[in-house]
Amino acid sequence: MNEVPSVMYPVGRSPRLGVILLGLWLAGAVTVLSWWADQASGRSGLAWRLGLLLSVLALTGWALHSFWRTQIRRQLAFDGDRWHLSHPSGAEAFPLLTEQAQVAVLWDAQRCMLLRWPSAGQGARRAAWLWAEASSDPLRWHLLRCALYSPANRPAIGPDPEF
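Okay, so let's go over this structure. (Residues numbered from 1 in each chain as written. Predicted model: local features only at pLDDT ≥ 70, side-chain atom pairs only at ≥ 80, totals over all residues. Heavy atoms only, no water.)

## Points about the pairing of strand E4 (residues 104–108)
One ladder, built from four bridges, connects E4 with strand E5 (residues 112–117); its direction is antiparallel. Directly across from Val-105, in E5, lies its bridge partner Leu-115. What sits between E4 and E5 in their antiparallel hairpin is a turn of three residues, with Gln-110 showing a positive phi close to 70 degrees. (Pairing = 2+ DSSP bridges. Helix = DSSP H or I, 4+ residues; strand = E, 2+ residues; numbered from the N terminus.)

## Remarks on unusual backbone geometry
Even without glycine at this site, Gln-110 takes up a positive phi of about 70 degrees. Looking at where Gln-110 falls in the secondary structure, it is placed in the loop between E4 and E5.

## With respect to the pattern of salt bridges
A full pass over the atoms with the stated rule returns three salt bridges. For Arg-82, the salt bridge identified is with Asp-81, shortest N-O distance 3.9 Å. Judged by its relative accessible area of 42%, Asp-81 falls in the partly exposed class. Salt-bridge contacts for Arg-145 lead to Asp-108; the nearest nitrogen and oxygen are separated by 2.8 Å. (Salt bridge = Lys/Arg side-chain N within 4 Å of Asp/Glu carboxyl O. Buried < 20%, exposed > 50% of the residue type's maximum accessible area, 1.4 Å probe, protein only.)

Here it is as C-alpha cells:
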C-alpha cells in the first residue's frame, strides 16, 4: 500500500532563514573586500571595478532582504492528491493546483528546504518561494518530506507529442 499521507505544515520566515541569507550576503561582502585588498596594493584604475562590485553587493543585499520580507507564515497542505497554500487568515493564497502541477523542492538541507509553489497560469514570475524547516513542526517534518518526494507530487509523463 503506497498511499501518501496528508499533511499540513507551517512555512515561511524563520530566524534560521535570516541567518542563512545574512551569511550568503556576508560571504559576498568578504569576497569583494578580499579581492579589492588584493588588487589595490599595486594597481591604479580599480575604482570603477570596486564601484561596480559594491553596487552588485548592495543590489544582492536588497534582493535577499526582499526575499526575507516576502516570507510570511502560511500553511502548506497536501490532501493526498493536491496541494493547498493558505494565508495566516485562513484564506486560500492560491487556487488548487491541477494534478499535473507540483510543489518543487529547489534546495533540501535535510532540516530545512526551499520550495517553489507553481503559479496557476500566471507565468513563472507569480510563483511563490516557500521556506520550510523541521523546527516549525518536528512531528510532521517527515510527513512533509514524504509528500514532497512522493510520486503523487510528480507530473505524469505522457508520450512525446512530436512522435
